[in-house]
Amino acid sequence: MEADFIQARSLTKAYQTDADAEVRALDTVDIDIETGEFTILMGSSGSGKSTLLYLLSGLERPTDGEIHFEGQRVDELDETQLSLLRRRGFGFVFQAINLIPHLTLLENVTVPGYLVQKDRAEVARRAQSLLDDFGVGQLAGRLPSQCSGGEQQRAAIARALINSPRAVLADEPTGALNSSAGRAVLEALQRINEEGQCVIMATHEVRAACYGTRVLFLRDGQVQSEYRHEPGSDIQAREEPLLAWLTSQGW
Ligand SMILES: Nc1ncnc2c1ncn2[C@@H]1O[C@H](COP(=O)(O)OP(=O)(O)OP(=O)(O)O)[C@@H](O)[C@H]1O
Ligand SMILES: [Mg+2]
């Protein structure tokens, strides 16, 4: 059966590096994602995790293959349609937190909201409530430089959610954080997922991968294998079996 949310077929992204050499960052990948899944992408550096996130969201165009997002062909949209889809369909969280430095946390969250919604007071209310949800509401008036990395990243998650996207895509969101700041960010993503939103996250950390519902292992631009956590298992208990599986995959 076809996945109801995202399907990619023979997805390929090739980069020309020399006149006669090309790198296949992604090589004929098939992927199916259901609504409400929290999919983790793992694999060594250069295996294609970021490329896959960028292609799925239409931030980059594939060289070949198809992407269906809620039944719509993303790879066939023109630039205007793509930017609309990106604005409403996807929220992004990056490793480099990239908040606007001269705007407060609250302003950082409201800015993309104003692009989509006319009612500014409503956008500001929603932004404050998202910051509250992720435990940084009391910092709304501060500049990013006056907050810790973990606090900034939770504000970035609030920003990613301001337009109620159908999916949140996160590229190593805890990569620059210490473990307790990282945990707060992962709990925020898990909570989003438990509220029914689709989350797709690339990570190098086994602990982080325990928060997902399944793990896809990439190698050389292909999805080599898939792992599902023991149903109903708690986060702590997932780490050891996942590590054993990753090791068996040549991680
Ligand atoms: N603009 C580009 N030009 C040429 N090659 C590229 C370009 N962007 C990415 N690549 C190559 O594509 C491959 C996949 O890169 P990608 O960034 O998706 O890897 P990744 O799994 O996210 O790695 P990391 O864990 O280091 O973030 C790599 O071999 C990379 O060098
Ligand atoms: Mg990457």
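Reference entry: report on the structure contained in this document. (Residues numbered from 1 in each chain as written. Chains lettered and ligands numbered in written order. Predicted model: local features only at pLDDT ≥ 70, side-chain atom pairs only at ≥ 80, totals over all residues.)

**Some thoughts on the sheet that holds strand β6 (residues 90-93)**
Strand order in this open sheet of 6 strands is β6-β7-β8-β3-β9-β10, and the pairing throughout is mixed. The open sheet has two edge strands with one neighbour each: β6 and β10 (222-228). Between one strand axis and the next, the sheet turns through 20° on average, direction left out of account. One ladder, built from 5 bridges, connects strand β7 (residues 167-171) with strand β8 (residues 198-202); its direction is parallel. Bridging from a neighbouring strand, Asp 171 pairs with Ala 202 of β8. The strands touched by helix α5 (residues 149-161) are β6 and β7; relative to β6, the strand with the most contacts, the crossing angle is about 165°. Sheet strands in contact with helix α6 (residues 179-194) are β3 (38-42), β7 and β8, and its direction is about 150° off that of β8. (Pairing = 2+ DSSP bridges. Helix = DSSP H or I, 4+ residues; strand = E, 2+ residues; numbered from the N terminus. Axes fitted to C-alpha atoms, helices over the stretch in contact; angles between N-to-C directions. Contact = placed C-beta atoms within 7 Å.)

**Focus on the packing of helix α3 (residues 105-116) against helix α4 (residues 120-133)**
Between α3 and α4, whose axes approach to 9 Å, the crossing angle comes to 130°. With respect to their mutual orientation, α3 and α4 come out oblique. Classified by chirality, the crossing of α4 by α3 is right-handed. Here α3 contributes Leu 105, Leu 106, Val 109, Thr 110, Gly 113 and Tyr 114 to the contact with α4, which in turn contributes Arg 120, Val 123, Ala 124, Arg 126, Ala 127, Gln 128, Leu 130 and Leu 131. Here the contact of α3 with α4 is composed, by residue class, of 9 nonpolar, 3 polar and 2 charged. (Parallel < 35°, antiparallel > 145°, perpendicular 65-115°, else oblique. Left-handed = near helix turned anticlockwise from the far one by under 90°. Nonpolar A, V, L, I, M, F, W, Y, C, P; charged D, E, K, R; others polar.)

**Digging into the pairing of strand β4 (residues 64-69)**
Where strand β1 (residues 6-16) lies against β4, 5 bridges are found, and the strand directions are antiparallel. Residue Arg 9 lies in a different strand from β4, and its bridge partner there is Glu 66. Of the strand pairs in this sheet, β4 and strand β5 (residues 72-73) are connected by 2 bridges, and their pairing is antiparallel. Within the sheet, the bridge partner assigned to Phe 69 lies in β5 and is Gln 72. Remark: 2 residues form the turn of the hairpin made by β4 and β5, two consecutive strands paired antiparallel; Glu 70 in that turn has positive phi of roughly 50°.

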